[in-house]
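Survey of secondary and tertiary structure
This is what each chain is made of:
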Amino acid sequence: MRQYVVKPGDTVLRIAARYELAKEQLMTANPWISRQPYIKPGQIMFLPSSFRKRYMVMDGDTPESVAAAFQCEVCDLEAINPGLSLYRFTPGKTIALPPVSGGPLVQLQGEYGPRECAEDLLRLTSRYSCMTVEQIGASVLGTPIQALRLGSGNRALHVHGALHGNEWITAPCLLRFAEQYASAWTRGSSLLGHDVTEWFRQYTLWLVPMVNPDGVELVQQGVSGLGSAAGQLLEWNGRRENFRKWKANIRGVDLGDQFPAHWEQEVERRGKSGPAPQDYPGPAPLSEPEARGLYEHTLSIQPERVISWHSQGQEIYWNYRSCEPEYSEQWANRLAQAAGYRAVKLSGSDAGYKDWFIQHYRKPGFTVELGRGINPLPLEDFEDLAFETTAVMAAFMSLA
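First, a word on what this report is: a plain description of the structure on this page. Keep in mind that what you see is a predicted model, and the values were worked out from it rather than measured.

1. Quick word on the packing of aromatic side chains
Within a pair of aromatic rings, the relevant descriptors are the distance that separates the centres and the angle that separates the planes. Under the counting rule described, the total for this entry stands at 13 aromatic pairs. Aromatic side chains Tyr4 and Tyr19 sit 5.7 Å apart centroid to centroid with 70° between the ring planes, which places their arrangement in the edge-to-face category. Placement of Tyr4 in strand E1 (residues 2-5) and of Tyr19 in the loop between helix H1 (12-18) and helix H2 (23-29) is noted, with a sequence separation of 15 residues between them. Arranged with centres 5.0 Å apart and planes meeting at 40°, the rings of Phe357 and Tyr361 form a pair that is tilted.

This is the structure in structure tokens:
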């Protein structure tokens, strides 16, 4: 077995994906992993051999013919088979095959954090000239909060994800939709039966995939690397080292309760007087830079309608204190039908982004609760969740 020294930012799932291993393989080779909530930089792990796909060279095979058959390059075969002589491609010899490429750019390789999000935004804008990225703010720790812009219309739309730390899977789901949209527009094809050229002509979509990058990293990596802040965060988390139930930002403020829509009533309802994993609305509305960035960006683009993506529950909320347009319920039902969700009239909740938007603009705003289960939703559900996201987003883009 090989040895591996854990680096900052590593998680079990990220290491497993990098070395083409199953999580269970790493756990079996390193049983101590199950006794701590997070791995820590400097720890030594054993890496078992990966279960690579293999192929036995047949008579008549050439490096070029095998590479073509398995959708890779000859140099990939050489890199993955040290000592392989491409000049003597011997029949009967078993060789390893590289992973198949050519799939979507947006994939999960373990947990999806701010670094993965930034890398995908760069890859997407490099491949698709119809996309651009702008920074709309920064987190408490200074991580950029970025918005992806897609479309040329003079009517703005806004969606965002990962407002809550342990709901990070909404970010790659939204970027997978953006990739499918851009790909369909580039090819001149439809998406789930919808005309994307009409979307592009009418609207400019602003998509903010990860509003709460500090909270996401805390959920995925714990307090390792946070220095003097670690003790305070552990105190707010009830001395628990596991932060996977954490929804708030790095200051223990729930960004879902930060907006100026009957904020005082939400403070009374929540009953939280100080920082906590969730439900603390903060010392004042928009006290947190993440919420203020989202608020100011919304004011600057004046969107016609919005979605705030959360998880989980497979529900769509569409109303706020009778401030919503009369057609909002009908539109919510259309969104719900697209993914097999349920449109719900919600009461007893204030200070959310959707609440503020509806109250301020008297326009349609929606909260979508993606998937079903316990947050963070499991990685193995990603493809299904991404499909549900695309179905709702396609319906949202086509509302009229």
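2. Structural notes on the sheet that holds strand E5 (residues 131-138)
For sheets, the rule is that strands pair by backbone hydrogen bonds, running either parallel or antiparallel. One open sheet holds the eight strands; their spatial order is E5-E6-E8-E7-E9-E12-E10-E11, and the pairing between them is mixed. Unpaired on one side and paired on the other, E5 and strand E11 (342-344) mark the two borders of the sheet. Across the sheet, the mean angle from the axis of one strand to that of its neighbour is 25°, orientation sign disregarded. Pairing of E5 with strand E6 (residues 144-150) involves seven bridges; the strand directions are antiparallel. Residue pairing across strands places Val133 opposite Leu148, the latter belonging to E6. Lying on the sheet, helix H6 (residues 170-187) is in contact with E5, E6, strand E7 (155-160), strand E8 (203-208), strand E9 (305-311) and strand E12 (365-370); it crosses E8 at an angle near 150°.

3. So, helix H12 (residues 328-339)
The end-to-end C-alpha distance of H12 is 17 Å, a good match for the 16 Å that 12 residues give at a rise of 1.5 Å each. For H12, the set of buried residues is Ser328, Trp331, Ala332, Leu335, Ala336 and Ala339. All buried residues of H12 fall inside an arc of 140° around its axis, so they share one side. Residues Gln330 and Gln337 are exposed on H12 and point more than 90 degrees away from its buried face. Contacts made by the buried residues of H12 are with E9, strand E10 (315-317), E11, E12 and helix H14 (382-397). Following H12 by one or two positions, Gly340 adopts a phi angle in the positive range, close to 75°.

Reading guide: rules and limits
Residues numbered from 1 in each chain as written. Predicted model: local features only at pLDDT ≥ 70, side-chain atom pairs only at ≥ 80, totals over all residues. Heavy atoms only, no water. Phe/Tyr/Trp six-rings, centres within 6.5 Å; stacked < 30°, edge-to-face > 60°. Helix = DSSP H or I, 4+ residues; strand = E, 2+ residues; numbered from the N terminus. Pairing = 2+ DSSP bridges. Axes fitted to C-alpha atoms, helices over the stretch in contact; angles between N-to-C directions. Contact = heavy atoms within 4.5 Å. Expected span 1.5 Å × (residues − 1). Buried < 20%, exposed > 50% of the residue type's maximum accessible area, 1.4 Å probe, protein only. Arc of directions from axis to C-beta.

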